[in-house]
Amino acid sequence: MKILYHIFAVILLASVVSCNNSSPMPSTTAYEVSCTLSRGLKLDSATLYLVEENYNSLIDQGMCKRNKQGEFSWKGCINEPMAAFIKFEGDSTPVYFVLDPGVTNITINKHSKKIVGGKTNNEYMAFIAHRKGILDHKDKLNEQYIKHIGDSTLTVDIEKDFHLQDSLLTDSLQRYTTWRINAGGPVSVIVKERFFKTLTSEYQKKLN
């Protein structure tokens, strides 16, 4: 599995997969993706890409326009769960998710997004939630540390304790991310693409 550096620079276009293709791939299953944006997000067109892990390439599933309900939608067929992302025209930040057979609903607001659909995608969202939990804990520790400084109550022992807790959380996050990447599958493809650079050189060397 190779990390997809320059993911938008080298896009290998393929024909849009169709359930009615005259030469369908074996064991294909229909999928449907629905992405709804809040009214405050002025993005009018988007393209869905699937990540073909074995060939280190992207499959263009087509560009669509936003409808009056603020929704984008795609339909097609896949053989198995695949890493995927939506690229909005005029926005450099892609929305990653795992495309499972069946229906995937994505809701994006100005400060949050919700992705629902499929067992494999749920595994990805569980990773994101757990990662956020660790980072939130680190942020709370930092707030408490700063409060001690402001109150002039910071002692040597308290400072050592804060540094120890922060170090343990940092190491936990590094180990968790490394494990998820090495586990393989579409979730790992996305995690590696998004968080590889957050790993120290020590943990990068531990990747398969």
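Treat the numbers as computed from the prediction; the structure is a model and nothing was measured. (Residues numbered from 1 in each chain as written. Predicted model: local features only at pLDDT ≥ 70, side-chain atom pairs only at ≥ 80, totals over all residues. Heavy atoms only, no water.)

### Remarks on the overall build of the protein chain
Turning to step 1, where the next piece is worked out: Tallying secondary structure elements over the protein chain gives four helices and eight strands in all.
Turning to step 2, where the next piece is worked out: Secondary structure elements in the protein chain, listed N-terminal to C-terminal, are β-β-β-β-β-β-β-β-α-α-α-α.
Turning to step 3, where the next piece is worked out: Excluding contacts between residues fewer than 6 apart, the proportion of contacts in the protein chain whose partners are at least 24 apart in sequence is 64%.
Turning to step 4, where the next piece is worked out: Of the roughly 12,600 Å² of accessible surface on the protein chain, a fraction of 52% belongs to carbon and sulfur atoms. (Helix = DSSP H or I, 4+ residues; strand = E, 2+ residues; numbered from the N terminus. Contact = heavy atoms within 4.5 Å. Areas by Shrake-Rupley, 256 points an atom, 1.4 Å probe, with all protein chains shown as cover.)

### Describing the packing of helix 1 (residues 119-151) against helix 3 (residues 186-195)
Turning to step 1, where the next piece is worked out: For the pair helix 1 and helix 3, the least separation of the axes is 9 Å and the interaxial angle reads 35°. In terms of crossing hand, the pair formed by helix 1 and helix 3 is right-handed. Within the contact between the two elements, helix 1 uses Thr120, Glu123, Tyr124, Phe127, Ile128 and Arg131 and helix 3 uses Pro186, Val187, Ile190, Val191, Arg194 and Phe195.
Turning to step 2, where the next piece is worked out: For the contact of helix 1 with helix 3, the per-class residue count stands at eight nonpolar, one polar and three charged. (Axes fitted to C-alpha atoms, helices over the stretch in contact; angles between N-to-C directions. Left-handed = near helix turned anticlockwise from the far one by under 90°. Nonpolar A, V, L, I, M, F, W, Y, C, P; charged D, E, K, R; others polar.)

### Some points on the side chain of Ser188
Turning to step 1, where the next piece is worked out: By the element assignment, Ser188 lies in helix 3.
Turning to step 2, where the next piece is worked out: Within the local environment of Ser188, its side chain forms a polar contact with the backbone nitrogen of Gly184, the two atoms lying 2.9 Å apart. (Polar contact = N/O pair within 3.5 Å; in protein donor to acceptor, adjacent residues only side chain to side chain.)

### Quick notes on the pairing of strand 7 (residues 102-108)
Consecutive residues of a regular strand have side chains that alternate between opposite faces of the sheet.
Turning to step 1, where the next piece is worked out: Pairing between strand 1 (residues 29-37) and strand 7: seven bridges, direction parallel. Its bridge partner being in strand 7, Thr36 is matched across the sheet by Thr107.
Turning to step 2, where the next piece is worked out: Bridge analysis of strand 7 against strand 8 (residues 113-116) gives four bridges, and the strand direction is antiparallel. Bridge pairing in strand 8 links Thr107 to Lys114.
Turning to step 3, where the next piece is worked out: The hairpin turn running from strand 7 into strand 8, its antiparallel successor, is four residues long. (Pairing = 2+ DSSP bridges.)

### Thoughts on the confidence of the model for the protein chain
Turning to step 1, where the next piece is worked out: When pLDDT is averaged along the protein chain, the result is 87, and 87% of the positions lie at 70 or above.
Turning to step 2, where the next piece is worked out: Contacts from residues 1-26, a stretch scored under 50 in pLDDT, to residues over four places away or in other chains number 44 contacts. (pLDDT = per-residue confidence, 0-100.)

### Looking at the nonpolar core
Turning to step 1, where the next piece is worked out: Formed by 24 residues in total, the largest nonpolar core has its most connected members in Trp74, Ile86 and Phe88.
Turning to step 2, where the next piece is worked out: Elements represented by at least two residues in this core include exactly strand 1, strand 2 (45-52), strand 3 (57-65), strand 4 (71-78), strand 5 (82-88), strand 6 (95-99) and strand 7.
Turning to step 3, where the next piece is worked out: Excluding anything up to four places from it in sequence, Ile86 contacts Val33, Cys35, Ala46, Thr47, Leu48, Trp74, Pro94, Val95, Phe97 and Ile106.
Turning to step 4, where the next piece is worked out: Formed by 20 residues, the second largest nonpolar core is a distinct cluster that contains Tyr96, Val187, Ile190 and Leu199. (Core = buried A, V, L, I, M, F, W, Y, C linked by side-chain atoms within 4.5 Å. Buried < 20%, exposed > 50% of the residue type's maximum accessible area, 1.4 Å probe, protein only.)

### Looking at the sheet that holds strand 5
The strands that make up a sheet are held in pairs by hydrogen bonds between backbone atoms, and each pair lies either parallel or antiparallel.
Turning to step 1, where the next piece is worked out: The strand order 3-2-5-6 describes an open sheet built from four strands, whose pairing is antiparallel. Where the open sheet ends on each side, the last strands, each with one partner, are strand 3 and strand 6. Taking each pair of neighbouring strands and ignoring which way they run, the sheet shows an average axis angle of 25°.
Turning to step 2, where the next piece is worked out: Taken together, the five bridges between strand 5 and strand 6 define a ladder with antiparallel strand orientation.

### Notes on the packing of aromatic side chains
Turning to step 1, where the next piece is worked out: Within this structure, the stated rule accounts for eight aromatic pairs.
Turning to step 2, where the next piece is worked out: Ring centres of Phe85 and Tyr96 lie 5.6 Å apart, and the angle between their planes is 50°; on these two criteria the pair is classed as tilted. Taken together, the positions of Phe85 in strand 5 and Tyr96 in strand 6 put the pair 11 residues apart, joining distant regions of the chain.
Turning to step 3, where the next piece is worked out: Classification of Phe85 by relative accessible area gives buried; the value is 0%.
Turning to step 4, where the next piece is worked out: Since its relative accessible area comes to 11%, Tyr96 is described here as buried.
Turning to step 5, where the next piece is worked out: One aromatic cluster in this structure is built from Phe127, Tyr176, Trp179 and Phe195.
Turning to step 6, where the next piece is worked out: Over the face of the ring belonging to Trp179 we find Arg180, whose NZ or CZ atom lies 5.3 Å from the ring centre.
Turning to step 7, where the next piece is worked out: In this structure, Lys206 packs its charged tip against the face of Tyr203, placed 4.4 Å from the ring centre. (Phe/Tyr/Trp six-rings, centres within 6.5 Å; stacked < 30°, edge-to-face > 60°. Lys NZ or Arg CZ within 6 Å of the ring centre and 35° of its normal.)

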